[in-house]
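# Breakdown of the fold
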Amino acid sequence: SIVIHKITFQLKGRQIIEYPPIVTDTDKKGIVVVEITVDANGDVMKAKPGVAGTTATSAILLAKARQAALKTKFSKNLSISEQVGTITIAIDLKP
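Below is a summary of the structure that appears in this document.

Cut-offs and rules
- Residues numbered from 1 in each chain as written.
- Predicted model: local features only at pLDDT ≥ 70, side-chain atom pairs only at ≥ 80, totals over all residues.
- Heavy atoms only, no water.
- Salt bridge = Lys/Arg side-chain N within 4 Å of Asp/Glu carboxyl O.
- Helix = DSSP H or I, 4+ residues; strand = E, 2+ residues; numbered from the N terminus.
- Buried < 20%, exposed > 50% of the residue type's maximum accessible area, 1.4 Å probe, protein only.
- Pairing = 2+ DSSP bridges.
- Core = buried A, V, L, I, M, F, W, Y, C linked by side-chain atoms within 4.5 Å.
- Contact = heavy atoms within 4.5 Å.
- Expected span 1.5 Å × (residues − 1).
- Arc of directions from axis to C-beta.
- Polar contact = N/O pair within 3.5 Å; in protein donor to acceptor, adjacent residues only side chain to side chain.

### Here we look at the pattern of salt bridges
Counted by the stated rule, this structure contains one salt bridge. K73 is the salt-bridge partner of D43, the closest N and O atoms lying 2.8 Å from each other. Here D43, found in the loop between β3 (30–39) and β4 (44–49), pairs with K73, found in strand β5 (residues 73–74); they are 30 residues apart in sequence, far enough to count as distant.

Below is the structure:
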């Protein structure tokens with residue numbers, strides 16, 4: 001099985017308050033950058049994997065990164081109805 005090695009994000013004025021689950025059941029590894037749209041409550045409404053900076057080519061890994069991004073919860077920002085940013089998920093095999 002594999003683990004998420006590192007998560008970084010670009011979403012001004014927000015923090016991650018609930019990290020995504022660990023990606024499992026694949027032997028692929030790489031970096032997936034996911035473009036996300038977050039609502040005022042901090043929920044990820046849209047997730048588009050494979051944007052600039054992505055090194056992974058596996059469709060399975062892209063899909064799993066998208067699922068993880070959709071399950072990430074950010075801090076609220078009630079002054080912004082929709083905010084676009086990125087979350088980068090670096091996935092590597094367990095040592």
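### Some words on the pairing of β3
Each regular strand displays side chains that alternate between the two surfaces of the sheet. With eight of ten residues buried, β3 lies mostly within the body of the structure. The antiparallel pairing of β3 with β4 creates a hairpin that spans four residues between the two strands, and G42 there sits at a positive phi of about 95°.

### Considering the pairing of β4
Of the strand pairs in this sheet, β3 and β4 are connected by five bridges, and their pairing is antiparallel. Across the sheet, V38 pairs through a bridge with V44, a residue of β4.

### Description of the nonpolar core
Within the largest apolar cluster, 17 residues are counted, with the highest numbers of intra-cluster contacts made by V34, I36, F74 and I87. Excluding anything up to four places from it in sequence, F74 contacts F9, L11, R14, Q15, I16, I17, I36, V38, N41, G42 and V44.

### Observations concerning helix α1 (residues 59–70)
Look at α1: 17 Å from first C-alpha to last across twelve residues, which is about the 16 Å you get at 1.5 Å a residue. Those residues of α1 that sit buried are L61, A65, A68 and A69. Down the axis, α1 shows its buried residues gathered within 100° of arc, on one side only. Among the residues of α1, the N-terminal cap falls to S58, whose side-chain oxygen and the backbone nitrogen of I60 are separated by 3.2 Å.

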